[in-house]
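Residue-level listing of the chains:
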Amino acid sequence: MTTTADDHARLPARPRPEPDALSAPYWDGLRAHKLMLQRCHACGRVRHYPRPLCDHCYAFEHDWVEARGEGRVHSWTVCHHAFHPAFKQALPYALVTVDLAEGVRLQAPLRGSDPARLRVELPVVVDFEDIDDTLTLPCVRVRA
Amino acid sequence: MAAAGLKDRAAVTGVGETAYTRDTDRSQLELTLAASLAAIADAGLEPKDIDGVIPYGAGGVVAEDFITNFGLPDLRYSALTPMGGASPVAALQSAAMAVATGVANHVLIALGRGSIAGGRITSRLAAMPQMRLVGEFEMVQGCNAPAQFYAPMARRHMALYGTTVDQFAEVAMTCRRHAERNERAMMRKPMTREDHHASRMIAEPFRLFDCSLESAGAAAVIVSAAERAPDLRQRPVYIGGVAEGHPDSPSAITQRPDMTRFGLARAAPIAFRMAGVDHGDIDVAQIYDCFTWVVICQLEDLGFCAKGEGGAFVEGGRIGLAGELPVNTHGGLLSEAHIAGMNHIVELVRQLRGECGERQVADAEVGLVTGFGDLGDGAVAIMHR
């Protein structure tokens with residue numbers, strides 16, 4: 001379910017991430033349809049969202065691992081009002097907070113299912129949506 | 001020392017506000033100065049007596065503006081407490097520290113909101129540094145405003161504890177009933193449960209009537225050293241206990257281990273211990289109400305009931321004027337106005353002075369006010385006459 005650049009050309013400009021050196025591997029990973037997570041190089045703990053320091057062992061050094069793309073619903077909301085005009089056409093849309101298998105969470109829109117199906121602990125898988133040539137965002141689908 | 005801390009070392013000696021309206025042609029600074037002058041006059045002070053200032057951390061007005069406009073001869077203390085809606089109550093703590101240590105004698109805390117044209121909620125938030133992570137990872141996919149940030153917390157609370165939309169409605173209707181008795185309140189038309197349920201959905205589970213107002217106006221309070229307070233015009237309202245608290249993962253609710261618990265849960269035991277009072281001693285409570293569910297969660301985090309029991313707690317008239325714990329006697333952010341909780345402090349002080357007319361809680365001696373802001377920061381003050 002890829003949205004084309006043409007669809008978006010008619011919409012108000014959407015807010016876009018401004019990656020820095022710390023978060024660029026995450027956004028680059030999405031472009032390649034991989035969900036990359038930051039991992040402490042010293043103690044191996046996975047953390048998200050990206051930050052400079054491991055709050056467990058205080059090491060700055062880190063690397064990146066590809067997530068399995070599986071998780072369970074932690075919570076969600078279904079948005080019926082657009083607080084930014086770029087999202088008006090998408091209403092209503094569900095934003096799901098997912099407990100990823102790696103122990104951190106992802107927030108992403110639900111695709112392919114009625115939001116009425118959402119329940120805490122419902123298994124979901126991560127998918128990817130190419131918004132345009134330079135931006136890919138994650139989405140989630142109810143696991144078949 | 002830590003337990004007693006700031007107990008009764010400071011008092012609120014003056015309160016003031018402007019009219020609260022939907023929009024205004026006065027600037028944020030002008031409104032803030034007007035409310036400040038009202039609070040200073042209420043205390044029986046002159047502007048030049050102010051030697052400490054804590055403006056609202058969310059920007060716009062700075063301490064220098066007060067020096068310039070009041071001609072302050074010797075501003076010795078200024079600070080910011082940038083915690084969104086928890087800022088005013090957190091500022092009480094900072095002000096109490098300043099006057100308890102003799103750094104300042106009379107600290108002005110002031111908060112104003114100007115014209116809607118100056119920026120609706122979404123554009124204001126995107127510019128705040130504490131929203132950096134939300135900005136990069138969540139706003140880009142349509143999670144742009146507090147209703148959307150907080151809805152998953154409420155939804156999970158419902159899933160774990162069986163909290164209901166009828167219980168949300170109870171909070172909204174209670175605030176409205178209190179606003180009916182408050183000539184300053186923006187929303188005074190009676191609200192039924194059916195009205196609440198019929199209001200349009202914003203971000204499930206929040207309907208329009210679960211959301212606070214957007215308002216223009218300003219409110220201000222003066223915090224004075226306890227030894228100076230009895231010489232001033234009003235009966236002092238002492239700060240018995242005060243504390244701020246921050247949640248885990250303060251910059252991203254999404255990553256918070258327990259998203260049904262606020263920073264307030266850490267602050268509350270400190271404030272109660274400092275004040276030396278129990279929950280049963282609280283005669284009236286002004287609980288930050290940006291959304292109905294946020295009141296329910298804070299009642300739990302304050303310890304008025306166990307985690308998960310907040311929904312049942314607000315039922316049966318318990319938080320009404322004649323109830324066991326009258327809450328938001330002015331109508332709150334839901335029905336009086338959204339002055340980021342500075343109006344909650346003003347109302348608590350007036351209740352403890354006995355100035356609230358037909359919404360006065362009889363014999364109110366000890367009261368509590370909370371702030372909740374940004375992504376779960378909290379603050380609480382316990383005050384007494």
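Residues numbered from 1 in each chain as written. Chains lettered and ligands numbered in written order. Predicted model: local features only at pLDDT ≥ 70, side-chain atom pairs only at ≥ 80, totals over all residues. Heavy atoms only, no water.

Caption draft 1: Main features of the overall build of chain B. Within chain B, the regular secondary structure consists of 13 helices and 11 strands. Each principal axis of the C-alpha atoms in chain B carries an extent, and together these give about 55 × 45 × 40 Å. Taken across its 385 residues, chain B has 65% of its residues classed as buried. Contacts in chain B between residues far apart in sequence, at least 24 positions, make up 74% of those at least 6 positions apart. Total accessible area computed for chain B in this model is approximately 12800 Å², and 50% of it derives from carbon and sulfur atoms. Counting 34 positive and 45 negative side-chain charges, chain B places the centres of these two groups 2 Å from one another. (Helix = DSSP H or I, 4+ residues; strand = E, 2+ residues; numbered from the N terminus. Buried < 20%, exposed > 50% of the residue type's maximum accessible area, 1.4 Å probe, protein only. Contact = heavy atoms within 4.5 Å. Areas by Shrake-Rupley, 256 points an atom, 1.4 Å probe, with all protein chains shown as cover. Lys, Arg positive; Asp, Glu negative; His and termini not counted. Charge placed at Lys NZ, Arg CZ, Asp CG, Glu CD.)

Caption draft 2: Examining the domain arrangement of chain A more closely. Residue and element names in this part refer to chain A. Under the domain assignment, chain A is made up of domain 1 (18-66) and domain 2 (68-144). For domain 1 and domain 2, the distance between their C-alpha centroids amounts to 21 Å. With 13 residues of domain 1 at the contact, the number on the domain 2 side is 17 residues. Between domain 1 and domain 2 the total buried area reaches about 1200 Å² when both faces are included, carbon and sulfur atoms providing 66% of it. Contact with domain 2 buries surface across domain 1, with Arg-31, His-33 and Leu-35 losing the most and accounting together for 45% of the total. In this structure, the connection of domain 1 to domain 2 is made through one salt bridge. Between Asp-130 and Arg-31 there is a salt bridge, and its shortest N-O distance comes to 3.8 Å. Mapped onto the side of domain 1 that touches domain 2, the elements with two or more residues apiece are α2 (24-31) and β2 (46-47). With four residues, the top contributor of residues to the side of domain 1 that touches domain 2 is α2. Looking at the side of domain 1 that touches domain 2 residue by residue, the classes come out as seven nonpolar, two polar and four charged. (Domains from an automatic or database assignment. Buried area = accessible area lost by both parts, 1.4 Å probe. Salt bridge = Lys/Arg side-chain N within 4 Å of Asp/Glu carboxyl O. Nonpolar A, V, L, I, M, F, W, Y, C, P; charged D, E, K, R; others polar.)

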